[in-house]
Amino acid sequence: MTTTVLISGAGIAGPALAFWLRKRGFAPTVVERAPALREGGSAVDFRGEQMTLLKRMGILEDIRAKEIAMGSQVVIDSRGKKIAEMPSVFFSGEVEIERGDLTRILYEHTKDDTEYVFGDWITGLDEQRDGVEVTFANSEQRRFDLVVGADGLHSGVRRLTFGDEERFRTDLGFHTAGFVVPNHLDLDHLGLICSVPGRTVMAASGRDRSVLNVSFLFASDSLEVPRRDVEAQKKVVMERFAGMGWEVPKLLEGLKDADDVYFDSLSQIYLDKWSKGRIVLLGDAAYCAGPGGSGTGLAMMGAYILSGELAAAHGDHEVAFARYEEKLRGAVKVSQKQAAGIGTFLIPKTRFVIGYRNFLYRVLGSRPMTKVFTWITSRAANAATLENYDAPVAAQR
Ligand SMILES: Cc1cc2nc3c(=O)[nH]c(=O)nc-3n(C[C@H](O)[C@H](O)[C@H](O)COP(=O)(O)OP(=O)(O)OC[C@H]3O[C@@H](n4cnc5c(N)ncnc54)[C@H](O)[C@@H]3O)c2cc1C
């Protein structure tokens, strides 16, 4: 009989897992809390070994078709004066795409042979000897062989299976708000970065020249804002960035009207074990690294390895979950270590550190240093090796 797998979350990890599970003979169902695919978020990039994965999935061409092809990122001061310039490979990897375009591509590649249920979520998980009884907020109770929590940083499956989020979440001391406004700066494949102590604004325009992708990042020790209260989140950003120079007042005006705001803490997730019985976590739910940690690539790597191990173990989930974790832990460690220090680069807290960061950017941005910086920024992406699992393999129970 075909192994049924319930995946919670249609972000990146969820659809990527559905993709590979279908190829390997499993029957995935994806349940997503939002009423439709969430296509927000800033750019995500791929590099090194992750490029092999995209080729293996056969989605590299689709990604190239939506490629941002960003040029340099220029650091400016609050009067708009250029301080340093970094080549595109630093921030944009080998190929870069809007997160929303990526989730759409993964969805389009899976929707015909995967059951997607939008606007619903898991409320109860009752593991039994030969399956998991699952209750939902809006639909009938169902039984699945396996359940995967691919529902992000604030995973519901993790809470139901392992306990409260606070036990596993380490906040890095920053928040981010990402949104889109009209490109009044007329940037063309160019990104601008403006920092004052504890606050950074990034604005970039790539493939779609009519819009600016804006990120506000700020130091935020012990800030708690209701997760689904967008107006409260906007208010916090308005207050934190009040009085900042450059184009910030105009960008804040744009925030008032923005309808797709991504607001969250920069946090990491640490668990001693990613699975319990028939339930396993994937992507940010299991090992969120935060920006600069190659989290999107790692979520997709994890999906590939988890499905490959499930097939290789002929559905023996205990063996598969243990091997998945064993094979990915090393890469996650590199990724989380790299992202833990990102605050110094993205949101320096003092004038001195801003000066130091800008100095480093100037040095690393110079042509002879490009290879060194590329090596540094590719470490996380290259930390997981892609095994060549034989596909498709029929999954047996
Ligand atoms: C709309 C959006 C915008 C983002 N923008 C950025 C960004 O600008 N910068 C950045 O660094 N990271 C961003 N992220 C996070 C980034 O996508 C992830 O770090 C990374 O890609 C790993 O993906 P993931 O699939 O594990 O998690 P995510 O991409 O976060 O996907 C998780 C999915 O699970 C869904 N979900 C949550 N709870 C439940 C539940 N209880 N039941 C069912 N479904 C649930 C969410 O709606 C989401 O679709 C964003 C995530 C989202 C959802």
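Structure first, text after, so check above.
Residues numbered from 1 in each chain as written. Predicted model: local features only at pLDDT ≥ 70, side-chain atom pairs only at ≥ 80, totals over all residues.

**What to know about the environment of Glu387**
Thought 1: Within the secondary structure layout, Glu387 lies in the segment after helix H14 (370-382).
Thought 2: Given 12 C-beta atoms within a 10 Å radius, Glu387 is considered exposed.
Thought 3: Taking C-alpha positions, Glu387 is 18 Å from Gly283, a pair spaced 104 residues apart along the chain. (Helix = DSSP H or I, 4+ residues; strand = E, 2+ residues; numbered from the N terminus. Buried ≥ 20, exposed ≤ 12 C-beta atoms within 10 Å, placed from the backbone.)

**Overview of the sheet that holds strand E16 (residues 262-269)**
Consider a sheet: its strands pair through backbone hydrogen bonds, and that pairing is either parallel or antiparallel.
Thought 1: With mixed pairing, the 7 strands of this open sheet are ordered in space as E5-E4-E13-E14-E15-E12-E16. In this open sheet, the two strands that pair with only one neighbour each are strand E5 (82-86) and E16. Across the sheet, the mean angle separating the axes of adjacent strands is 20° when strand polarity is ignored.
Thought 2: Sheet topology places strand E4 (residues 73-76) next to strand E13 (residues 190-196); 4 bridges connect them, and they run parallel. (Pairing = 2+ DSSP bridges. Axes fitted to C-alpha atoms, helices over the stretch in contact; angles between N-to-C directions.)

**Here we look at the sheet that holds strand E17 (residues 275-276)**
Thought 1: A sheet is described by the order of its strands in space; here 6 strands give the open sequence E7-E2-E1-E11-E18-E17, paired in mixed fashion. Looking at strand neighbours, the two that pair on one side only are strand E7 (115-118) and E17, the edges of this open sheet.
Thought 2: Examined bridge by bridge, strand E1 (residues 4-8) and strand E2 (residues 27-32) share 5 bridges and lie parallel to one another. Bridging across to E2, Ile7 finds its partner in Val30.

**With respect to the site of the ligand**
Thought 1: Lining the immediate surroundings of the ligand are 29 residues, of which Gly9, Gly11, Gly41, Gly156 and Gly283 lie closest.
Thought 2: Of all the elements in the fold, those that place two or more residues in the shell around the ligand are helix H1 (13-23), E2 and helix H10 (295-312). (Near = placed C-beta within 6 Å.)

**Observations regarding the packing of helix H7 (residues 230-241) against helix H8 (residues 248-257)**
Thought 1: Packing of H7 against H8 brings their axes to within 10 Å, and their N-to-C directions diverge by 170°. The angle between the axes of H7 and H8 places the two elements in the roughly antiparallel class. Residues Lys234, Val237, Met238 and Phe241 of H7 lie in contact with H8, whose contacting residues are Val248, Leu252, Leu255 and Lys256. (Parallel < 35°, antiparallel > 145°, perpendicular 65-115°, else oblique. Contact = placed C-beta atoms within 7 Å.)

**Considerations on the nonpolar core**
Thought 1: With 102 residues, the main nonpolar core has Ala16, Leu17, Val147, Leu282 and Ala303 as its most contacted residues.
Thought 2: Considering every element that reaches this core, the biggest residue donor is H10, with 10 residues.
Thought 3: When residues no more than four places from it in sequence are discounted, the contact partners of Leu17 are Ile7, Pro28, Val148, Ala150, Leu282, Ala303, Leu306 and Ser307. (Core = buried A, V, L, I, M, F, W, Y, C linked by C-beta atoms within 7 Å.)

**Concerning helix H11 (residues 317-340)**
Thought 1: Of all the bends found along H11, the most pronounced is centred on Leu328 and spans about 40°.
Thought 2: Listed in full, the buried residues belonging to H11 are His317, Ala320, Phe321, Tyr324, Glu325, Leu328, Ala331, Val332, Ser335, Gln336, Gln338 and Ala339. (Bend = angle between axes of the 7 residues up to and from the residue.)

**Quick notes on H7**
Thought 1: Compared with an ideal rise of 1.5 Å per residue, which puts 12 residues at 16 Å, H7 spans 17 Å between its outermost C-alpha atoms and is within 8% of the ideal.
Thought 2: Where H7 is concerned, the buried positions are Gln233, Lys234, Val237, Arg240 and Phe241. Mapping the buried residues of H7 onto a view down its axis gives an arc of 130°, with all of them on the same face. Exposed and oriented more than 90 degrees from the buried face of H7 are Glu231, Ala232, Lys235 and Glu239.
Thought 3: Considering only its buried residues, H7 is in contact with strand E12 (169-182), strand E14 (199-205), strand E15 (211-219), H8 and E16.
Thought 4: Two residues or fewer past H7, Gly243 is found with a positive phi of approximately 85°. (Expected span 1.5 Å × (residues − 1). Arc of directions from axis to C-beta.)

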